[in-house]
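Coordinate analysis (summary)
The primary structure of each chain is shown beneath.
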2 protein chains.
Amino acid sequence: MNNHTESEENYIKALYHLGGEGAVASGALANRVGAKGPSATQAVRRLASKGLVEVIPYKGVKLTLDGLTLAKHILRKHRLWETFLVEKLGFGWEEVHPIAEQLEHIQSRELVEKLADYLDSPVHDPHGDPIPQADGKIPPATGKPLQKFSQGSSLKVVRVEDAGTDFFTQLDLLEISLGKEYTLTSVSSFDSSIQLQAEDGESFWLSHSMSSNIYAISL
Amino acid sequence: MNNHTESEENYIKALYHLGGEGAVASGALANRVGAKGPSATQAVRRLASKGLVEVIPYKGVKLTLDGLTLAKHILRKHRLWETFLVEKLGFGWEEVHPIAEQLEHIQSRELVEKLADYLDSPVHDPHGDPIPQADGKIPPATGKPLQKFSQGSSLKVVRVEDAGTDFFTQLDLLEISLGKEYTLTSVSSFDSSIQLQAEDGESFWLSHSMSSNIYAISL
DNA sequence: AAATAAGTTTAGGCAAAGCTAAACCTTTCT
DNA sequence: AGAAAGGTTTAGCTTTGCCTAAACTTATTT
Ligand SMILES: [Mn+2]
Ligand SMILES: [Mn+2]
Ligand SMILES: [Mn+2]
Ligand SMILES: [Mn+2]
């Protein structure tokens, strides 16, 4: 029930990411793990023989309960490690994903729980994504995209989408980070860009591509 | 020159462990990595094609300079992670080896150096083994086995051999740990067991099997 | 010097994981 | 309904990594 290869775990994680508990097309799966169609079909067969997925040929693949549990456990490890890398080792939030991609496959229950303790049982990772807990429960994903806010509202940034290195670099340039508070001072009806005013009075414009990947809660 | 599989790295590490810069027989190598002879022969051919080892058929295998550098880097990672697990996460020194065996394969130069910084650039791991430094230099292995000391000498434990879980359990039972100081009060000429007296006055006997895996320096 | 023992390599398999090209379903369009 | 398009699976091949049995070297013993 336990020992899985790195490849298997990556397929499981992809399945979870794409479909949650629902069915996923083999093409999408292949795409997500960076493989070609036939490789995914085959991989999925191996997973099925281990009881981690259910397959309906030509229709789609779906995680079983065991598969779902595994997926959440891997995600837990991934996000705990990202938290460690940022909080303890001083990495930037744009650097940690590829390293966590490796660390998420380390197998040791004790390690995961000791790491969680060491980090004070965090509920969100450095990007604001919820960390699945040891019991499998997942804290709700908080915040809504900036465009959903109306002019004049006060908000706090709580999460950002992983939209690539350039996105993070831009966030750093604008000194946007989790926990920061702003007032939405203006919305362009031309290109949907928005203007934020920071607490120190400075204000700046954000393109739609930027703001759609930034999530906040209203204050 | 860089990307190596976990299996490759394990062979490299084994080669270093068994022979350092010298030649190693394929049987011993196979034995060390937990494989059979033919698997080692084949693995070694793959390593040779990558320039990491030199082979003389029927004679032995030897690390090249590249191979040696890689071996030391892996060992560095292994021992840094062990240090992290004990110092930061609170693992016992008997638990960390198998986990470090996985962590040593994580690939990220930046991670290794950030981890080393975080641990204050340690020179020895939790078992007292020297940690290869970023420049490839290896601090000298300190201490000599307890039997090498003569009756009456004062000593400090600085290193223990990894002689399996039971050995560590016994050390914990006797409350022996790195840095502890003792006086060697007696040596049995019958079975080479020795008697140590701790600083608090308590004294106890150590079998030859125990003492031969414990290293100390004289005070 | 020849025979035996011990250790190493070759030969032939197998599973995981990937690929391309070809065959096969499904869905959609005419 | 029939045909074209799009996506999925099958077929056949490759590399890594490990295995057993058989052949081959080297070292040791008589
Ligand atoms: Mn991530
Ligand atoms: Mn991964
Ligand atoms: Mn170790
Ligand atoms: Mn290893």
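Computed from a predicted structure; not experimentally measured.

This brings us to the protein's contact with DNA strand C. Contacts to DNA strand C come from 21 residues, most closely from Thr5(A), Lys36(A), Ser39(A), Arg46(A) and Lys59(A). Ser7(A) places a side-chain nitrogen or oxygen 3.4 Å from a phosphate oxygen of DNA strand C. The separation between a base nitrogen of DNA strand C and a polar side-chain atom of Gln42(A) is 3.3 Å. Taken together, the elements giving at least two residues each to the surface near DNA strand C come down to helix H1 (6–19) and helix H3 (37–49) of chain A together with helix H2 (26–33) and helix H3 (37–49) of chain B.

When chain A is fitted to chain B, the residual RMSD is 0.1 Å, and the transformation amounts to a turn of 180° plus an axial shift of 0.0 Å. One copy is carried onto the other by what is essentially a two-fold rotation axis. Identified as the residue of chain A closest to the rotation axis by C-alpha distance is Leu103(A), at 3.8 Å. Both copies share a contact surface, since 100% of the interface residues of chain A are interface residues in chain B too.

Residues and elements named next belong to chain B. Read from one edge of the open sheet, six strands run E3-E8-E4-E5-E6-E7, paired in antiparallel fashion. Every interior strand has two partners, whereas the edge strands, strand E3 (144–145) and strand E7 (203–206), have only one. Bridge analysis of E3 against strand E8 (residues 214–218) gives two bridges, and the strand direction is antiparallel. Within the sheet, the bridge partner assigned to Lys 144 lies in E8 and is Ala 216.

Turning our attention to the domain arrangement of chain A. Residue and element names in this part refer to chain A. As far as domains go, chain A holds domain 1 (6–63), domain 2 (76–136) and domain 3 (144–218). With centres defined by C-alpha atoms, the gap from domain 2 to domain 3 works out at 25 Å. Domain 2 puts eight residues into the contact, and the matching count from domain 3 is ten residues. In total, about 750 Å² of surface goes out of reach between domain 2 and domain 3, with carbon and sulfur atoms giving 62% of it.

Another aspect to go through is the coordination of the manganese ion (ligand 2). Residue and element names in this part refer to chain A. Note on the manganese ion (ligand 2): its protein donors are Asn 10 (OD1), Glu 101 (O), Glu 104 (OE) and His 105 (NE2). The metal-donor distances range over 2.3 to 2.8 Å. Every donor residue of the manganese ion (ligand 2) comes from the same chain, spaced as N-x90-E-x2-E-H. Here the residue Asn 10 occupies a position in helix H1, and Glu 101 occupies one in helix H5 (residues 96–103), the gap between them amounting to 91 residues. Of the residues examined, Glu 101 reaches a relative accessible area of 28% and is grouped as partly exposed.

Residues and elements named next belong to chain A. Around the manganese ion (ligand 1), the donor atoms from the protein are His 78 (NE2), Glu 82 (OE) and His 97 (ND1), and they sit 2.0 to 2.2 Å away. Sequence spacing of the donors to the manganese ion (ligand 1): H-x3-E-x14-H. With His 78 in helix H4 (residues 65–87) and His 97 in helix H5, this pair connects stretches of sequence that are 19 residues apart. Note on His 97: relative accessible area 31%, which makes it partly exposed.

Next up on the list: the pattern of salt bridges. Taken as a whole and judged by the stated rule, the model has 16 salt bridges over all chains. In the salt-bridge network here, residues are joined through shared partners; they are Lys13(A), Glu101(A) and Glu104(A).

Here we take up the pairing of strand E7 (residues 203–206) of chain A. All names here are of chain A. Every second residue of E7 is oriented toward a common face, the buried set being Phe 204 and Leu 206 and the non-buried set Ser 203 and Trp 205. Pairing of strand E6 (residues 194–198) with E7, which is carried by four bridges, proceeds in the antiparallel orientation. Counted as the bridge partner of Leu 196 is Phe 204 from E7. Counting the residues between successive antiparallel strands, the hairpin from E6 to E7 contains four residues, one of them, Gly 201, with a positive phi of roughly 100°.

This brings us to the nonpolar core. Residues Phe84(A) and Phe84(B) are the most contacted members of the largest nonpolar core, which totals 37 residues. Breaking this core down by element, the ones donating at least two residues are H4, H5 and helix H6 (109–118) of chain A together with helix H4 (65–87), helix H5 (96–103) and helix H6 (109–118) of chain B. Excluding residues within four positions of it along the chain, Phe84(A) makes contact with Leu89(A), Leu115(A), Tyr118(A), Leu119(A), Phe84(B) and Tyr118(B).

Turning to unusual backbone geometry, a few remarks are in order. With phi around 60°, Ser192(A) is a residue other than glycine that occupies positive phi space. Here Ser192(A) shows up in the loop between strand E5 (181–187) and E6.

You'll often see interface size given as the accessible area lost when the parts meet. Taken together, the contacts link 20 residues of chain A with 20 residues of chain B. Summed over both sides, the interface of chain A with chain B buries roughly 1700 Å², with 68% coming from carbon and sulfur. Our count for the chain A to chain B interface comes out at zero salt bridges. Put simply, chain A and chain B have three residue pairs in polar contact (both at pLDDT 80 or more) between them.

What counts as what
Residues numbered from 1 in each chain as written. Chains lettered and ligands numbered in written order. Predicted model: local features only at pLDDT ≥ 70, side-chain atom pairs only at ≥ 80, totals over all residues. Heavy atoms only, no water. Near = heavy atom within 4 Å. Polar contact = N/O pair within 3.5 Å; in protein donor to acceptor, adjacent residues only side chain to side chain. Helix = DSSP H or I, 4+ residues; strand = E, 2+ residues; numbered from the N terminus. Least-squares fit on C-alpha atoms with pLDDT ≥ 70 in both. Contact = heavy atoms within 4.5 Å. Pairing = 2+ DSSP bridges. Domains from an automatic or database assignment. Buried area = accessible area lost by both parts, 1.4 Å probe. Donors = N, O, S within 2.8 Å, 3.2 Å for Na, K, Ca; no water. Buried < 20%, exposed > 50% of the residue type's maximum accessible area, 1.4 Å probe, protein only. Salt bridge = Lys/Arg side-chain N within 4 Å of Asp/Glu carboxyl O. Core = buried A, V, L, I, M, F, W, Y, C linked by side-chain atoms within 4.5 Å.

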